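Structural features, examined
Spelled out, the chains give:
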Amino acid sequence: MSKIKPGTKVPDFSLPMTGGGTWSLKEAAGKNLVIYFYPRDMTSGCTRESQDFRDLAATFRRAGTQIVGVSRDSVASHDKFAAKESLPFPLLADSDEKVCKLFDVIKPKSLYGRKYLGVERSTFLLDAAGRLKQEWRKVKVPGHAEEVLEAAQRL
């Protein structure tokens, strides 16, 4: 799969989701969609980001926008995280990195001098026709969900 660029239609994909079953991009047809990629369940930055999207979920819904979170964690990990944080939207398990690679969010990282490939915190806003309208890369969590909401309300 080639990487998507702003203005282009995102190819359909499906991933295992919290609560069992599979989530497909087709399920968002006719609505705007926020896809946020995050490194790991239960870590401080990822928890804060998910809480911020959770707290604004009703406002996103009123703006005709769905939210999904994606990481490489397992569905079991996602289920625990979603339950602990009362997340009202699905978390998708991309353990084979297919969708992460489609959105080009797997990047070289370093922790305590150790180099590895990990998920770069990134968010993508798709319009009701499934076209990528805006992307945020190297996201800093404070104020981010509000910024994405403002962009969604402008669509």
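Our structure is the block above this text.
Residues numbered from 1 in each chain as written. Predicted model: local features only at pLDDT ≥ 70, side-chain atom pairs only at ≥ 80, totals over all residues. Heavy atoms only, no water.

Of all six residues making up strand S3 (residues 32-37), six are buried, and the element is well covered by its neighbours. Here S3 shows no split at all, with Asn32, Val34 and Tyr36 on one side and Leu33, Ile35 and Phe37 on the other all buried. Two elements, S3 and strand S4 (residues 65-71), share six bridges in a ladder whose sense is parallel. Paired with Ile35 across the strands is Val68, a residue of S4. Pairing analysis gives five bridges linking S3 to strand S8 (residues 122-126), with the strands arranged antiparallel. The partner of Val34 across the bridge, within S8, is Leu125. (Buried < 20%, exposed > 50% of the residue type's maximum accessible area, 1.4 Å probe, protein only. Helix = DSSP H or I, 4+ residues; strand = E, 2+ residues; numbered from the N terminus. Pairing = 2+ DSSP bridges.)

Bringing the nonpolar core into the picture now. If you look at the biggest cluster of nonpolar residues, it comprises 24 residues, and the most contacted ones within it are Val10, Phe13, Trp23, Ile35, Phe37 and Phe103. Those elements giving two or more residues to this core turn out to be S3, S4, helix H4 (98-102) and S8. Not counting chain neighbours up to four residues away, the residues in contact with Phe103 comprise Ile4, Val10, Phe13, Ile35, Phe37, Phe124 and Arg137. With 22 residues, the next largest nonpolar core counts Val34, Tyr38, Ala57 and Phe60 among its residues. (Core = buried A, V, L, I, M, F, W, Y, C linked by side-chain atoms within 4.5 Å. Contact = heavy atoms within 4.5 Å.)

Function cannot be read off these values alone, since they describe shape.
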